[in-house]
Amino acid sequence: MAVAVTTKTAWKLQEIMAHSSNVSSVVLGKGSGRMLATGGDDCRVNIWSVSKPNCIMSLTGHTTPIESLQVNPNEKLIVAGSRSGSIRVWDLEAAKVLRTLPGHKANICSLHFHPFGSFVASGSLDTNIKLWDVRRKGCIFTFKGHTEAVRCLRFSPDGKWVASAADDHTVKLWDLTAGKLMFEFTGHTGPVNVVEFHPNEYLLASGSSDRTVRFWDLEKFQVVSCIEEEATPVRCVLFNPDGCCLYSGFQDSLRVYGWEPERCFDVVLVNWGKVADLSISNNQLIGVSFAQSTVSSFVVDLSRVPKSDSVPQGLIRDDQPLVPPTPTGSSLRRIYDRPSTSCSKPQRVKHNSESERHSPSSEDDRDEKESKAEIQNQEDYKEIFQPKNAICRTPPRNEPFPAPPEDEPGTAKEAVKPSQAVDVQTSLAKQELPDPVQRPMNASSTSLSRTEPSVIPAARNEPIGLKASDFLPAVKNQSQTELVDEEAMSQIRKGHETMCVVLTSRHKNLDAVRAVWSTSDIKNSLDSAVAINDLSVVVDLLNIVNQKASLWKLDLCTIVLPQIEKLLQSKYESYVQTGCTSLKLILQRFLPLITDILAAPPSVGVDISREERLHKCKLCYKQLKNISNVVKNKSGLSGRHGSAFRELLLLMAVLD
């Protein structure tokens, strides 16, 4: 019988030497997800087919390094902006330069094509935004309002607005028809790197170096939600084509977000470093990054990534009610009206200055002499950019990239075992696990002492360890089906006294901890809870402390961390959730402090308080190292627990 092969969720597709010098910009074609353009310090723009090693076309003409690139929706045009402020547009089918658009006085930081008309928006280090008509080779309008470099531009799906993100911490929305600022969104505390419109609704997402992703309502002009406390700056964002979720690219990870309410559905570890652009094709997400002269492409299988659910796939916060996400695409928010024809130019047309008014005849000739499109791979070029020249009875199919198998089958099996306990829908786990693990055995059995126990879910409709059949007498034959009332009641009362003793003991322990807290402080109450040696009491106390982050102190960490290690390995789902929430709080608030104190040079003289603090930091560091091994082992789980552990693993990366 053939054994199912475990494939990777994310993998590296290829790495290419893209330029003879450092790569400065990369972009993916959003239409097919298969076209890649790279710009370098060698002043060239190179065109590639994703997964193919050879350059298809090399575009020359710029005299300074390429700073920004963008491909139009049908992937027939490409625009490149240089460090000098010059912009050039190439026709890829004709393999020649189409326009040169001078006007900016500094680096071109951002570009974007209009979804319908032949217009391009450009943002620059000179803080200006310009709207260009590619056909007439002129600047239609200049938007002024930002005070620092404009890092990202996006036209709305209906082509009526353009959104801009800048280093001045703001996101601005501009009306193309009126030629003026509609609204300025403030709230980010760092440079805003990316901005993206929802494909259907009046919703805008922005990502910043302040490590937050914000969602803005474009009808009420207010923030919808904000996802905070991520480990690294937001580098790129992309909505799923149906608008159900937002993919956010971070350093070595992809996160899947919902916004009403804000939540993280999943965290996928991808070793792409500083990812530069994302695209979606065939239910696969393609991500590209660059370092020096190389460009790397990565694939994430979206069929294995949860995009929305009634239960969030990320960390469960105990201080927030569990509310199902509001379905996207509903009447909650207005939908874009897409015109059937190309958009008209703005009514308010700026009269260009003499420096921006050009004679097309002389400069077009000069541009064609200075700019060249060197076709490096004639066969690939004809296949991609000139398919109309060839007679083909069946159109070429855009197949998804095949997912490679896991590197170590033995390790994959081990990683799948605990996932059976968390996600009962994992058929692979059922196929690979031996029978003793699949069939529950007596609790007194020692043969499974090392096997991870089944996770008992937090939400359930029946008591733990109790079966209705245990309370009813065994039926010896079919005729004896009627029960005497006294016998039924005696069976129901079976074990009642034991349960009462357990609950009374827990209530007594909680009363004792509460009494210590009311007369002393949180540290002493936690000490008493740990001394009782009952994890359920520790969980109850942590669920309270987790709601108020200001209660956490370094002293508390030394007491709680050993208990967190036990909670993360518990068979109870609610215990694991509480442990993950507490550990995340500790990592975010104290890990930078701990590493700084341990890295600091020894002080001169005797400083008792510093020595005590150093001792606590060493103790916490040692405990965190132990916990990191548990987190690593569980990061391969599927479902929300796997997402939680992968997020913790990212936060604990500095420990390595």
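Keep in mind the model is a prediction, meaning the values are calculated, not measured. (Residues numbered from 1 in each chain as written. Predicted model: local features only at pLDDT ≥ 70, side-chain atom pairs only at ≥ 80, totals over all residues. Heavy atoms only, no water.)

A. Region of the structure containing the confidence of the model for the protein chain. A residue-level look at the protein chain finds 74% of positions with pLDDT of 70 or above and a mean pLDDT of 77. Overall, residues 340–362 carries pLDDT values under 50, and its contacts beyond four positions in sequence, including any with other chains, amount to 33 contacts. Taken as a whole, residues 388–396 scores under 50 in pLDDT and shows 1 contact with residues more than four places along the chain or in a different chain. (pLDDT = per-residue confidence, 0-100. Contact = heavy atoms within 4.5 Å.)

B. Spotlight on a nonpolar patch on the surface. A contiguous nonpolar patch, built from M499, V502 and L503 and spanning about 280 Å² of accessible area, is present on the exposed surface. Mapped onto the fold, L503 is located in helix 7 (residues 496–519). (Patch = residues over 30% accessible without salt bridge, like charges linked within 9 Å, V, L, I, M, F, W, Y side chains within 5 Å. Areas by Shrake-Rupley, 256 points an atom, 1.4 Å probe, with all protein chains shown as cover. Salt bridge = Lys/Arg side-chain N within 4 Å of Asp/Glu carboxyl O. Helix = DSSP H or I, 4+ residues; strand = E, 2+ residues; numbered from the N terminus.)

C. Broad picture of helix 11 (residues 573–599). Along its 27 residues, helix 11 runs 37 Å from first to last C-alpha, staying within 8% of the 39 Å computed at 1.5 Å per residue. Taken as a whole, helix 11 carries its principal kink of about 50° at F590; the proline P592 stands between one and four residues after it. (Expected span 1.5 Å × (residues − 1). Bend = angle between axes of the 7 residues up to and from the residue.)

D. Representation of unusual backbone geometry in the model. Omega for the peptide link from E260 to P261 comes to -5°, which places this bond in the cis form. Structurally, P261 is set in the loop between strand 24 (253–259) and strand 25 (262–269). Phi angles above zero are rare outside glycine, and C43 is one such case at about 70°. Residue placement: C43 occurs in the loop between strand 3 (35–40) and strand 4 (45–49).

E. Here's a closer look at the pairing of strand 25. With 6 of 8 residues buried, strand 25 is to be regarded as a mostly interior element. Connecting the antiparallel pair strand 24 and strand 25 is a turn made up of 2 residues. (Buried < 20%, exposed > 50% of the residue type's maximum accessible area, 1.4 Å probe, protein only. Pairing = 2+ DSSP bridges.)

F. Focus on helix 10 (residues 554–568). A rise of 1.5 Å per residue sets the reference length of helix 10, with its 15 residues, at 21 Å; its end C-alpha atoms lie 20 Å apart and thus fit the reference within 8%. Along its length, helix 10 shows its largest kink, about 40°, at V560, and proline P562 lies within four residues downstream of that point. When helix 10 is considered as a whole, its buried residues turn out to be L554, L556, C557, T558, I559, V560, L561, Q563, I564, L567 and L568.

G. Spotlight on the environment of E262. Tracing the backbone shows E262 in strand 25. You can call E262 partly exposed: its relative accessible area is 36%. Distance from E262 to F215, taken between C-alpha atoms, is 9.2 Å for residues 47 residues apart in sequence.

H. Examining the packing of helix 9 (residues 535–545) against helix 10 more closely. With their axes 11 Å apart at the nearest point, helix 9 and helix 10 run at an angle of 120° to one another. Taken together, the axis directions place helix 9 and helix 10 in an arrangement best described as oblique. Taken as a pair, helix 9 and helix 10 cross one another with a handedness that is left-handed. Of helix 10, the residues touching helix 9 (which contributes L535, V538, V539, L542 and V545) are L556, V560, Q563, K566 and L567. Here the contact of helix 9 with helix 10 is built from residues that sort into 8 nonpolar, 1 polar and 1 charged. (Axes fitted to C-alpha atoms, helices over the stretch in contact; angles between N-to-C directions. Parallel < 35°, antiparallel > 145°, perpendicular 65-115°, else oblique. Left-handed = near helix turned anticlockwise from the far one by under 90°. Nonpolar A, V, L, I, M, F, W, Y, C, P; charged D, E, K, R; others polar.)

I. Local environment of the packing of aromatic side chains. One pass over the full model with this rule turns up 12 aromatic pairs. Centre to centre, the rings of F185 and W216 are 4.9 Å apart; their planes meet at 40°, and the pair counts as tilted. Of the two residues, F185 sits in strand 17 (residues 180–185) while W216 sits in strand 20 (residues 213–217), which places them 31 residues apart along the sequence. Neither F185 nor W216 differs from the other in exposure class; each is buried. For the ring pair F185 and F221, a centre distance of 6.3 Å and an interplane angle of 35° mean the geometry is tilted. With F185 in strand 17 and F221 in the loop between strand 20 and strand 21 (222–227), this residue pair connects regions lying 36 residues apart in the sequence. Take F185: its relative accessible area is 1%, and that puts it in the buried class. Through successive ring pairs, a cluster of aromatic residues spans F183, F185, W216 and F221. The side chain of R34 reaches across the aromatic face of F401, ending 3.9 Å from its centre. Note that R255 overlies the ring of F250, its terminal NZ or CZ placed 5.2 Å from the centroid. (Phe/Tyr/Trp six-rings, centres within 6.5 Å; stacked < 30°, edge-to-face > 60°. Lys NZ or Arg CZ within 6 Å of the ring centre and 35° of its normal.)

J. Up close: the pattern of salt bridges. On inspection of all chains with the given rule, the structure shows 14 salt bridges. K30 is the partner of D277 in a salt bridge, and the nearest nitrogen-oxygen pair spans 2.8 Å. Placement of the pair is D277 in strand 26 (residues 275–281) and K30 in the loop between strand 2 (23–28) and strand 3, with a sequence separation of 247 residues. K30 gets classed as partly exposed once you look at its relative accessible area, which sits at 36%.

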